[in-house]
Amino acid sequence: MKIRPGQPAPAAEKTPVKIKINGQWHEFEPGRDIEPAMTLSYLLREKLGYTGLKVACDEGACGACTVIMDGKAVLSCMKLAVEAHGHEILTIEGLSANDPLIRAFAGQCEPGYGTAMQCGFCTPGFVMAAKALLKEKPEPTLGEIKEGLSGNICRCGCYGGIARAVQRASREPEPEGGKP
Amino acid sequence: MKERPSGSGAKTPYKPRVPRSFIGSYRPRIDALEKAAGKTEFADDLTLKSRYPGLLYAKVLRSPYAHARIKSLDASRAEQLPGVKAVLTYKDPEVAALKPTSAGWTDGVDTVSYERMMWRHFRDRRVLGGHACWATDEVGAVVAAESEQIAEEALRLIKIEWEVLPFVLDPIAAMQPGAPIIHPEIAPRNILPKDVVGGSDVFVDKGDADKGFAQAEVVIEATSIHHNATQASLDNWCCLVDWKPDKLTVLSNSYEADQSRMHISQMLNLPLNKVRVISSYVGGQFGRGDTGDQPFFLFTALLSKRTGRPVKFRHSRRESFHDSRQPAIYTGKVGAKKDGTITAMYFKSIGNSGAYADHTMFALKFAPTEITEAALAHILNVRMESYGVYTNKLPACMMRGVGNSQFNLIFGHVVDMLAEKLGMDPIDLALKNFGHEWGGLPDKSLTAVLREGAKRIGWAAKRHKPGAGPVHDRVKKRGVGFSFHPAWHAEWQEARRGEIRVRITVNPDCSVVLDAPTVETGTGSNTCNVLGCAEALGFLGIGPEDIVWPHTVDTETSLKDCVQTDSAVSYLQSEVIAHAAREVKARLLEKAAKLLKAKPEDLDITGGRVHRKAGPGKSITVRDVFMRGDMLPVVVETGRPPNPEKTGVPYIANFAEVEVDTSTGRVQVLKLVVLNDCGTVMYASGAEAQQIGGQVTGLGEALTEEIIYDEATGFPLNFNWLDYKIPTMADMPDIDPALLEVWRGAGEYGACGIGEGTLTCTPRAVLNAIYNAIGVRIDDIPVKPEKVLRALGKA
């Protein structure tokens, strides 16, 4: 079941909210586990401990809370938890340790471009946004990377390193099965 | 920016002056993998309620007025709200008894006591008072509740009768007779008085400036204005305080731990060993926390004491704006002979301190004094004058590049203007006049950064007379400009900080634990430490991967942390590590000598083997020395007393190429070249990340970032990231980082800090390039399109 605009939220019916997170279905009881005004970022971080995503601006301006919903990058601070009912959420904890993007972000040290992170606070958000970008555009140009990741802020300013990492990851095979 | 085809775009790595195994290498950060995988836990992650089941959340009342006093306060309804566990007000004896303080008191660069705080003349803050000095000031009351929502609701239930006072936002208006006075007991005319650290209003008076101007054949005058920008760390400042009867424990994402412990101990009258401060990863610092709402640690502690439960306080994004860059209005005047020899320089600044003095005078007087000692050493006549002025704006100061960024905006301005008036290339003018006290002219370091920058930006081909370049797309004009500055110099830091201690533990298997504590804020000093340690312990035949660097600073178990300020940590700690490594070797040789029945002085260690110095002979591994002996690790804990030797400063510079759309006023930066003479590059990838990364803030300050106030109410209007514009990846130009090793300081590596300097020259380089493009000067940043159109007479 998916919630459509105008339909009463499941919370009102007291039926459990079901969300698939990193491959596993979870049930949340309205009033106990989940509230109508609870954001998805709050549910994932505070209730479930998925702390890879960060809440930095809490108003959809920085991308630090980016997770993937049904294959698309979403800002979890701007989504109500109940909006995820019936949907599939992927957080950075759900990526393989061998994920090409994680390896590329970690390994970036190509001269002239710096590293792909410094403090690392924005990094999970960038990795998830890049993950969604590569799904849509397996070999993006630099311009497409810049546009695709322009919803994310890195105050340490590692944009050059991030772009290089995404370009490199786009040329590497997925750990299992290869790219579509 | 030009599209690079995938796979190309290789840039030239820098060439190290001295070949080394690990120092200066291009490699990933030591924490890169855990950060990329999202496994790094920041303070906000470590303080979830699931980890602290009894956790309460604190919220503080914020002033709805730019200037007001609480006449009466009734918190009874808030106290009765279900879920509220404590309400503290400024009337509570525990709160009222707290000493007056300053948000800048723990710094200077290092831990100080209450009596020795750097700006002790300006203790103008109450931890929680009844006097609100600016809109959104923390004032009056604080609540601890079961959730942040309940705490916020409780604040709304507090009934307050305000006495609304007149306010002033502009520092020049605040200096006029009849202006509202913010802190009459400290500054009866809003102007901060002379103090022992900053000095008097004329704080530099070298030679005779009047005489120098009389000797001049050419004189120029200029103005530059810096507005409030904010650090914008993604990781909002927070703390969790758990005050148990026997001990107060604090978890925070402050950039220091030992300073926090001293602050809390002295303000709450607790012995130092009853205060435990733990700090680990910080999601970006940029000067955040050196000024701002520091008192929140104290009221959070009192709430924990009152409730007997752990209490968490976290800035909202809105509240994160309470830390910012100090605005300053600079005027500069320079006189020179026709051949370009500068005869006199005069600078005057009026700084908007905002509602609390904090570190104002650090920016206005302390930093320019150091610049005078360094870069202006060959200018015979220099006068500098400064006024820090209280207003009802947000208090500000410590932000990456403190004081230097504001000064560079005028410094690079007068150099560019004077060169134009003399008909000289500003590069030649700079080389003719600026160096440092310990060397002659032209300065080798300055020559290297300016010549390299000119080459990389294409100076000779692209620089034209102001506004006289070719027009692109009918309305677009291009220009190039640069600015330069003395680098952050660790020799000064070292003298001011005192001894720094590290501990190296070599285990029997030759794996190493390096205790070189500093809070990990992303600067790369953690990786510098490990590379420096691997280099210094090279005789063990180990590499960086064999070294563990504990990332948590805990005042109960760690050595005192080296504070993450002044771009100095990599340099300072590496020097001590090299010193400690020599001691490690001596201790290992003693161990081996006993085993081999030889004299330690006849032995040496290379590649992990102990052997006789004379001839190859028999050798054994260091591992065997341990394994055949008592298997006790070698632990060396040592410090390095400050080295008072000063050898001068290297230089840094930024070159910019811009394109200005004369029909819309939009400025697009096409390219930035960032040049740092590092002395020794400690960690190339980290240094480049600092060079490239600093441009986000530098370019933000130059073009888009500014806190805007409603003049009618004094209320800040854009305390959010939708209206406060931070550059994204799509906004940034191609950046070319250039690392140089020309100057060499004292010590093992002779390196100097680079982090703060990377953004210091950016706004002025961009402004000079804009002038070169359009031929009209714009004096204040950020250069938004309307300012360009106004300058062009189109708006």
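Residues numbered from 1 in each chain as written. Chains lettered and ligands numbered in written order. Predicted model: local features only at pLDDT ≥ 70, side-chain atom pairs only at ≥ 80, totals over all residues.

Student: Describe the overall build of chain A, naming the residues involved and giving the relevant values.
Tutor: If you tally the helices and strands in chain A, you get six helices and five strands. Order of helices (α) and strands (β) in chain A, N terminus to C terminus: α-β-β-α-β-β-β-α-α-α-α. Going through the 180 residues of chain A one by one, you find that 58% of them count as buried. Taking as baseline every contact in chain A between residues at least 6 positions apart, the subset at least 24 positions apart corresponds to 62%. (Helix = DSSP H or I, 4+ residues; strand = E, 2+ residues; numbered from the N terminus. Buried ≥ 20, exposed ≤ 12 C-beta atoms within 10 Å, placed from the backbone. Contact = placed C-beta atoms within 7 Å.)

Student: Explain helix α11 (residues 360-374) of chain B to me, using residue names and the numbers behind them.
Tutor: All names here are of chain B. The end-to-end C-alpha distance of α11 is 21 Å, a good match for the 21 Å that 15 residues give at a rise of 1.5 Å each. Of all the 15 residues making up α11, eleven are buried; the element is thus mostly covered by neighbouring parts of the structure. Each element contacted by the buried residues of α11 is listed here: β7 (202-206), β13 (328-336), β14 (342-354), β15 (382-390), α12 (404-422) and β17 (476-486). (Expected span 1.5 Å × (residues − 1).)

Student: Outline the domain arrangement of chain B, listing residues and values.
Tutor: Residues and elements named next belong to chain B. On domain assignment, one finds that chain B holds domain 1 (45-165 + 231-320), domain 2 (168-223 + 335-406), domain 3 (435-491 + 646-791) and domain 4 (499-640). Spacing between the C-alpha centres of domain 1 and domain 4 amounts to 40 Å. Counting residues at the interface gives 19 residues for domain 1 and 16 residues for domain 4. Going through the elements one at a time, α8 (258-268) and β11 (275-279) are the ones with two or more residues in the side of domain 1 that touches domain 4. Considering every element that reaches the side of domain 1 that touches domain 4, the biggest residue donor is β11, with four residues. A per-class count over the side of domain 1 that touches domain 4 returns seven nonpolar, five polar and seven charged. (Domains from an automatic or database assignment. Nonpolar A, V, L, I, M, F, W, Y, C, P; charged D, E, K, R; others polar.)

Student: Account for the confidence of the model for chain B, with residues named and values stated.
Tutor: Low pLDDT means the predicted atomic positions in that stretch should not be read closely. Residues and elements named next belong to chain B. Confidence along chain B averages 94 in pLDDT terms, with 97% of residues attaining 70 or more. Confidence drops under a pLDDT of 50 for residues 1-7, and excluding neighbours within four residues, the segment shows ten contacts in the predicted structure. Taken together, the chains of this predicted complex give a pTM of 0.96 and an interface ipTM of 0.96. (pLDDT = per-residue confidence, 0-100.)

Student: An account of the environment of B:Arg478 is requested, with residue identities and associated values reported.
Tutor: Residue and element names in this part refer to chain B. With respect to the helices and strands, the residue Arg478 is situated in strand β17. By C-beta crowding, Arg478 is classed as buried, having 20 other C-beta atoms within 10 Å. Along the chain, Arg478 and Val696 lie 218 residues apart, while their C-alpha atoms are 21 Å from each other. Ignoring sequence-local partners within four residues, the contact set of Arg478 consists of Gly469, His472, Glu657, Val658, Glu659 and Ala773.

Student: Give me the lowdown on the packing of α8(B) against helix α9 (residues 296-307) of chain B, citing residues and values where you can.
Tutor: Residue and element names in this part refer to chain B. Contact pair α8 / α9: the axes reach a minimum separation of 10 Å and the direction vectors enclose 60 degrees. In terms of their interaxial angle, α8 and α9 are classed as oblique. Between α8 and α9 lies a crossing whose hand is right-handed. Along its contact with α8, which presents Ser260, His263, Ile264, Met267 and Leu268, the element α9 presents Phe297, Leu298 and Ala301. In terms of residue class, the contact of α8 with α9 is built from six nonpolar, two polar and no charged. (Axes fitted to C-alpha atoms, helices over the stretch in contact; angles between N-to-C directions. Parallel < 35°, antiparallel > 145°, perpendicular 65-115°, else oblique. Left-handed = near helix turned anticlockwise from the far one by under 90°.)

Student: Outline the interface of chain A and chain B, supporting the account with residue identities and numerical values.
Tutor: If you look at the interface, chain A gives 53 residues, while chain B gives 55 residues. Elements supplying a minimum of two residues to the side of chain A that touches chain B: α3 (100-107), α4 (123-136), α5 (142-148) and α6 (159-170) of chain A. If one sorts the elements of the side of chain A that touches chain B by residue count, α6(A) sits on top with six residues. Broken down by class, the residue content of the side of chain A that touches chain B amounts to 26 nonpolar, 17 polar and ten charged.

Student: Hey, could you go over the domain arrangement of chain A for me, with residue numbers and the actual values?
Tutor: Where the parts come together, the accessible area they lose is often given as the size of the interface. Residues and elements named next belong to chain A. Parsing chain A into structural domains produces domain 1 (10-94) and domain 2 (100-170). Distance from the C-alpha centre of domain 1 to the C-alpha centre of domain 2: 24 Å. Taken together, the 15 residues of domain 1 in the interface contact 13 residues of domain 2. Counting residues per element, the ones that place at least two in the side of domain 1 that touches domain 2 are β3 (66-69) and β4 (72-75). Considered class by class, the residues forming the side of domain 1 that touches domain 2 number nine nonpolar, four polar and two charged.

Student: Summarise the nonpolar core; cite the residues concerned and give the values.
Tutor: When a protein is soluble and globular, its nonpolar side chains tend to lie buried together. Ranked by size, the top nonpolar core spans 309 residues in total, and within it A:Ile162, B:Val143 and B:Ile770 carry the most contacts. It is helix α18 (residues 569-596) of chain B that contributes the most residues to this core, twelve residues altogether. The residues touching B:Val143, leaving out its near neighbours within four places in the chain, are B:Ala58, B:Lys59, B:Ala78, B:Val84, B:Val87, B:Ala151, B:Ala154 and B:Leu155. (Core = buried A, V, L, I, M, F, W, Y, C linked by C-beta atoms within 7 Å.)

Student: Go over α4(A), please, and point to the residues and values.
Tutor: Taking 1.5 Å of rise per residue, the 14 residues of α4(A) would be expected to cover 20 Å, and the 20 Å separating its terminal C-alpha atoms lies within 8% of that figure. Among the 14 residues in α4(A), twelve count as buried, and that is most of the element. The complete set of buried residues in α4(A) reads A:Thr123, A:Pro124, A:Gly125, A:Phe126, A:Val127, A:Met128, A:Ala129, A:Ala130, A:Lys131, A:Ala132, A:Leu133 and A:Leu134. Buried-residue contacts for α4(A) involve β3, β4, α3, α5 and α6 of chain A together with α1 (32-36) of chain B.

Student: Summarise the packing of α3(A) against α6(A); cite the residues concerned and give the values.
Tutor: Residue and element names in this part refer to chain A. Between α3 and α6, the least distance of the axes is 8 Å, while the angle of their chain directions is 140 degrees. Relative to α6, the element α3 lies oblique. In the crossing of α3 with α6, the sense of the turn from one axis to the other is right-handed. Touching Pro100, Leu101, Ala104 and Phe105 of α3 are Ala165, Arg168 and Ala169, all from α6. Taken together, the residues that form the contact of α3 with α6 break down as six nonpolar, no polar and one charged.

Student: I'd like to hear about the sheet that holds strand β26 (residues 651-661) of chain B, residue by residue, with values.
Tutor: All names here are of chain B. Pairing in this open sheet of five strands is mixed, and the strands run β16-β17-β26-β27-β28 from one edge to the other. The outermost strands of the open sheet, each flanked by one partner alone, are β16 (471-472) and β28 (734-740). Taken together, the eleven bridges between β17 and β26 define a ladder with antiparallel strand orientation. Counterpart to Gly481 in the pairing with β26 is Ala656. Set on the sheet, helix α20 (residues 684-703) makes contact with β27 (667-677) and β28; between it and β28 the angle comes to about 130 degrees. (Pairing = 2+ DSSP bridges.)

Student: So what's going on with the environment of B:Leu559? Residues and values would help.
Tutor: Residue and element names in this part refer to chain B. Relative to the helices and strands, Leu559 is located in the loop between β21 (553-554) and α18. Along the chain, Leu559 and Val168 lie 391 residues apart, while their C-alpha atoms are 46 Å from each other. Not counting residues within four places of it along the chain, the set of residues in contact with Leu559 comprises Arg501, Val502, Arg503, Asp515 and Pro517.

Student: So, the environment of B:Ile708: which residues are in play, and what are the values?
Tutor: Residues and elements named next belong to chain B. The topology assignment puts Ile708 in the loop between α20 and β28. Using a count of 14 C-beta atoms within 10 Å as the deciding quantity, one classes Ile708 as partly exposed. As a C-alpha pair, Ile708 and Asp723 span 15 residues in sequence and 9.3 Å in three-dimensional space.

Student: Mind laying out the sheet that holds strand β25 (residues 634-640) of chain B, listing which residues take part and the relevant values?
Tutor: Residue and element names in this part refer to chain B. Here we have four strands laid out as an open sheet, ordered β20-β19-β18-β25, and mixed in their pairing. Single-partner strands in this sheet number two, and they are β20 (547-548) and β25. Here strand β18 (residues 500-506) runs beside strand β19 (residues 512-515); their pairing, made up of four bridges, is antiparallel. By the bridge assignment for β19, Arg503 is matched with Asp515. Where helix α17 (residues 525-536) meets the sheet, it contacts β18, β19 and β20, and its direction lies at approximately 130 degrees from that of β19.

Student: So what about the pairing of β13(B)? Which residues, and what values?
Tutor: Residue and element names in this part refer to chain B. Burial analysis of β13 places seven of its nine residues in the buried class, the great majority of the element. As paired elements, strand β8 (residues 218-226) and β13 share nine bridges and run antiparallel to each other. Opposite Ser224, over in β13, you have Tyr330 as the bridge partner. Alignment of β13 against β14, held across nine bridges, turns out to be antiparallel. Looking at β14, one finds that Ala336 is bridged to Ile342. Turn length for the β13-β14 hairpin, with the two strands adjacent in sequence and antiparallel, is five residues, and the turn residue Gly340 shows positive phi of about 95 degrees.

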